[in-house]
Amino acid sequence: MLLLLAAACVVAFVLLLYMVSPLISPKPLKLPGAHVVVTGGSSGIGKCVAIECYKQGAFITLIARNEVTFYMYAQEKLGPVDMLINCAGTSTTGKFEDLEVSCFERLMAVNYLGSVYASHAVIATMKERRMGRIVFVSSQAGQVGLFGYTAYSPTKFALRGLAEALQMENQLILSYVGSFSYSRRKKTMKTIVN
Ligand SMILES: NC(=O)c1ccc[n+]([C@@H]2O[C@H](COP(=O)([O-])OP(=O)(O)OC[C@H]3O[C@@H](n4cnc5c(N)ncnc54)[C@H](OP(=O)(O)O)[C@@H]3O)[C@@H](O)[C@H]2O)c1
């Protein structure tokens with residue numbers, strides 16, 4: 001009898017979870033018609049991701065240096081940001097003692113703080129709308145420290161920490177950090193939007 005009651009409780013709990021899951025899960029993002037903002041979209045991975053989103057029917061705003069006014073215009077024109085892809089980044093290699101301290105500051109400003117600024121600008125609206133995606137482009141050097149990358153690696157570790165903490169704070173918004181390969185770009189985009 002007690003066993004039966006316990007089983008009924010478990011079933012009721014699972015049913016309850018199922019019923020409230022639409023309220024606590026992020027809404028799926030459909031790329032067709034979505035407004036996607038890509039920082040560092042003028043070349044490389046950012047450009048490639050932007051083209052992929054465009055092909056799948058999204059409206060794209062690209063941000064690179066000197067493009068800030070375009071971003072503001074696009075915001076008005078295309079409405080709120082559905083997905084922000086933080087891709088702007090730069091790198092410098094060299095042994096720790098050979099690099100100027102200013103190098104560490106510059107990389108942290110571009111790679112890490114650049115993503116903080118952009119994400120901070122869009123998150124309030126995403127939370128209001130209970131939907132959105134924020135993507136952070138880290139690196140293998142953000143998973144493990146690499147020889148010659150003392151200035152770059154920490155910026156990518158920082159991004160990962162940011163993405164994970166942000167995900168915990170905002171269950172309704174997905175933050176994604178992962179590796180990107182050109183040949184698997186379609187699969188990557190699918191993982192991000194779903
Ligand atoms: N390539 C790789 O093997 C690799 C591997 C792992 C991770 N990543 C990461 O992936 C991202 C893209 O890399 P990528 O190889 O595609 O690089 P990329 O071709 O050099 O593109 C970098 C992008 O970032 C923008 N950018 C650079 N410095 C900037 C600054 N100070 N302010 C604003 N925008 C700036 C550039 O735009 P403008 O020059 O027009 O401003 C450009 O659009 C980076 O975050 C990188 O760390 C790359």
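Further up the page is the structure itself.
The paragraphs below set out a description of the structure included in this document. (Residues numbered from 1 in each chain as written. Predicted model: local features only at pLDDT ≥ 70, side-chain atom pairs only at ≥ 80, totals over all residues.)

### Some remarks on the site of the ligand
Let me state the cut-off plainly: For each residue, a C-beta atom is placed from the backbone, and the residue counts as near a molecule or strand when that atom lies within 6 Å of it. The numbering of helices and of strands both runs from the N terminus, where a helix is a DSSP run of H or I of at least 4 residues and a strand a run of E of at least 2. Any residue outside Ala, Val, Leu, Ile, Met, Phe, Trp, Tyr, Cys, Pro, Asp, Glu, Lys and Arg is labelled polar, Gly included; the first ten of those are nonpolar and the last four are charged.
Taken together, 17 residues lie around the ligand, and G40, G44, A64, R65 and G89 are the ones closest in. Broken down by element, the residue count for the shell around the ligand peaks at three residues, all from helix α2 (residues 44–55). The residue makeup of the shell around the ligand, split by class, is six nonpolar, 10 polar and one charged.

### Here's the deal with α2
We apply this condition: Working rule for helices: expected span equals 1.5 Å times residues minus one. Burial in this document is a count-based property: other C-beta atoms within 10 Å of a residue's C-beta are tallied, and the residue is buried at 20 or more, exposed at 12 or fewer, or partly exposed in between, with C-beta positions derived from the backbone. The arc under discussion is defined with respect to the helix axis, by the directions toward the C-beta atoms.
The terminal C-alpha atoms of α2, which comprises 12 residues, lie 17 Å apart, in line with the 16 Å expected from a rise of 1.5 Å per residue. Regarding α2, the residues found buried are G46, V49, A50 and C53. Along the long axis of α2, the arc covered by the buried residues comes to 100°, so they all point the same way. At the C-terminal side of α2, G57 shows a positive phi close to 100°.

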